[in-house]
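Each chain is listed here by its residues.
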Amino acid sequence: MNQPSLFHEDVWQALRDCVSALGGSKKVGVLLRPELDAQTAGRWLLDCLNPERKEKLCIEQALLVLRESRIAGCHSG
């Protein structure tokens, strides 16, 4: 695992660090969207973390990522 940054350009970068600490977009995507297969869920999550895309996480999903990453030892969020 890469060392997470101490400072982030924006909230999207902080969330990407949290996702990375949790095992990557496929793993976290399935956690957030269990009805999707890993590939589709991972792509959806990456779209949500891209400020140029219209897809966004709802507040409950963002808080879940923040909580789980804190438990995993990542405090980027």
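Residues numbered from 1 in each chain as written. Predicted model: local features only at pLDDT ≥ 70, side-chain atom pairs only at ≥ 80, totals over all residues. Heavy atoms only, no water.

(A) The overall build of the protein chain, seen in detail. Secondary structure assignment for the protein chain yields four helices and zero strands. Tracing the protein chain from N to C terminus, the helices and strands come up as α-α-α-α. Burial status across the protein chain gives 35% buried among its 77 residues. Intrachain contacts of the protein chain at a sequence separation of at least 6 include 51% that bridge at least 24 residues. Approximately 5100 Å² of the protein chain is accessible, and the part contributed by carbon and sulfur atoms is 53%. (Helix = DSSP H or I, 4+ residues; strand = E, 2+ residues; numbered from the N terminus. Buried < 20%, exposed > 50% of the residue type's maximum accessible area, 1.4 Å probe, protein only. Contact = heavy atoms within 4.5 Å. Areas by Shrake-Rupley, 256 points an atom, 1.4 Å probe, with all protein chains shown as cover.)

(B) Local environment of helix α2 (residues 25-32). Within α2, burial applies to Ser25, Val28, Gly29 and Leu32. Taken end-on, α2 shows its buried residues confined to a sector of 105°, consistent with a single buried face. As for α2, its buried residues are in contact with α1 (11-21), α3 (38-48) and α4 (59-71). (Arc of directions from axis to C-beta.)

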